[in-house]
Amino acid sequence: MESLSPSTINVRLSAVRKMVEEARKNGMLGAEEAANLAEVPNIPQKGTRLGNWLNREQAKELLAVPDRSTLKGKRDYVILALLVGCALRRNELAELDVETIQQREGRWVLADLEGKGHRIRTVAIPIWVKHGINAWMIAAGIEDGRLLRSVSKGGKVGESLSDWAVWAVVE
């Protein structure tokens, strides 16, 4: 027999619950039968988080590091803010285009990001992150194309950053 992870089983249970609800709505199942079928509990997921997770104070300390009075500091702050506030991966961040930042239903989002495994997702942008993005875009004169770009020692904005350049900023 195939051994499935708890998350896979829970996703499949969710699909079954939706199917049961549709069957109830279409009169194929009675309300009591549907309620009984939908009561099957999820399997608890056990384990520990991998990697280094920051608490609120550590995140605040990290975000306070860049000197936001300089162009490079504004860019570095946006990198850290997007990583902390939107939970983006380095590659997603490096490939982020200005056109991806959209307002939907009164909220700012990163729309249709292509992430790991070519999965498409939309990520909400906290307002404090959006303020940082606006400050960076105005200071760097960015209107379209890649959001994050290199900054020379002379303060000139260059080409887009690689995911390893993002890693170097965080390091």
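Since the structure is predicted, the reported quantities are computational estimates derived from the model, not experimental observations.

Each value, and the rule that gives it
- Residues numbered from 1 in each chain as written.
- Predicted model: local features only at pLDDT ≥ 70, side-chain atom pairs only at ≥ 80, totals over all residues.
- Heavy atoms only, no water.
- Helix = DSSP H or I, 4+ residues; strand = E, 2+ residues; numbered from the N terminus.
- Rg over C-alpha atoms; globule rule 2.2 N^0.38 Å.
- Pairing = 2+ DSSP bridges.
- Axes fitted to C-alpha atoms, helices over the stretch in contact; angles between N-to-C directions.
- pLDDT = per-residue confidence, 0-100.
- Salt bridge = Lys/Arg side-chain N within 4 Å of Asp/Glu carboxyl O.
- Buried < 20%, exposed > 50% of the residue type's maximum accessible area, 1.4 Å probe, protein only.
- Parallel < 35°, antiparallel > 145°, perpendicular 65-115°, else oblique.
- Left-handed = near helix turned anticlockwise from the far one by under 90°.
- Contact = heavy atoms within 4.5 Å.
- Nonpolar A, V, L, I, M, F, W, Y, C, P; charged D, E, K, R; others polar.

This brings us to the overall build of the protein chain. Of regular secondary structure, the protein chain possesses seven helices and five strands. Across the protein chain, helices and strands are ordered from the amino to the carboxyl terminus as α-α-α-α-α-β-β-β-α-β-β-α. Compactness check: the protein chain gives a C-alpha radius of gyration of 22 Å against a globular reference of 16 Å for 171 residues, more than 25% above the reference. With respect to the three principal axes, the spread of C-alpha positions in the protein chain is 70 × 35 × 30 Å.

Bridging between strand S1 (residues 101–104) and strand S2 (residues 107–114) involves four bridges; their strand directions are antiparallel. Each bridged residue has a counterpart across the sheet, and for Gln103 the counterpart in S2 is Trp108. Taking the residues that link successive antiparallel strands as the turn, the S1-S2 hairpin has two residues, and the phi of Glu105 there is positive, at about 50°. Of the strand pairs in this sheet, S2 and strand S3 (residues 120–124) are connected by four bridges, and their pairing is antiparallel. Each bridged residue has a counterpart across the sheet, and for Leu113 the counterpart in S3 is Arg121.

This part covers the sheet that holds S3. Pairing in this open sheet of three strands is antiparallel, and the strands run S1-S2-S3 from one edge to the other. Edge positions in the sheet fall to S1 and S3, since each of these pairs with one other strand and no more. Between one strand axis and the next, the sheet turns by 40° as a mean value, whatever way the strands run.

Our focus in this paragraph is the confidence of the model for the protein chain. Averaged over every residue, the pLDDT of the protein chain is 88; the share at 70 or more is 97%. Across the protein chain, helix H6 (residues 127–140) holds the top mean pLDDT of 94, while strand S5 (residues 157–160) sits lowest at 80.

Inspection of every chain in the model, using the stated rule, returns seven salt bridges. Glu92 serves as the salt-bridge partner of Arg89, at 3.4 Å between the closest nitrogen and oxygen. With a relative accessible area of 39%, Arg89 lands in the partly exposed category. Accessibility expressed as a relative area gives 5% for Glu92, which makes it buried. Measuring nitrogen to oxygen at the nearest pair gives 2.6 Å for the salt bridge that ties Glu92 to Arg121. Of the two residues, Glu92 sits in helix H5 (residues 90–94) while Arg121 sits in strand S3, which places them 29 residues apart along the sequence. Among the charged side chains, a salt-bridge network with shared partners connects Lys72, Arg75 and Asp76.

Turning our attention to the packing of helix H3 (residues 56–63) against helix H4 (residues 71–86). At a minimum axis separation of 10 Å, H3 and H4 run at an interaxial angle of 160°. Compared by their axis directions, H3 and H4 come out roughly antiparallel. As H3 packs across H4, the resulting crossing turns out to be right-handed. Mapping the contact onto sequence places Ala59, Leu62 and Leu63 in H3 and Tyr77, Leu80, Ala81 and Val84 in H4. The residue inventory of the contact of H3 with H4, partitioned by class, reads seven nonpolar, no polar and no charged.

You can see Val157 is positioned in strand S5. If sequence neighbours within four positions are ignored, Val157 has contacts with Leu71, Ala140, Arg149 and Ser150.

Running from amino to carboxyl end, H4 crosses H6 at an angle of 150°, the nearest separation of the two axes being 9 Å. Between H4 and H6, the interaxial angle falls into the category roughly antiparallel. In the crossing of H4 with H6, the sense of the turn from one axis to the other is left-handed. Residue-level contacts link Leu71, Lys74, Arg75, Tyr77, Val78, Ala81, Leu82, Gly85 and Cys86 of H4 to Trp128, Val129, Gly132, Ile133, Ala135, Trp136, Ala139 and Ala140 of H6. A class-by-class count of the residues in the contact of H4 with H6 yields 13 nonpolar, two polar and two charged.

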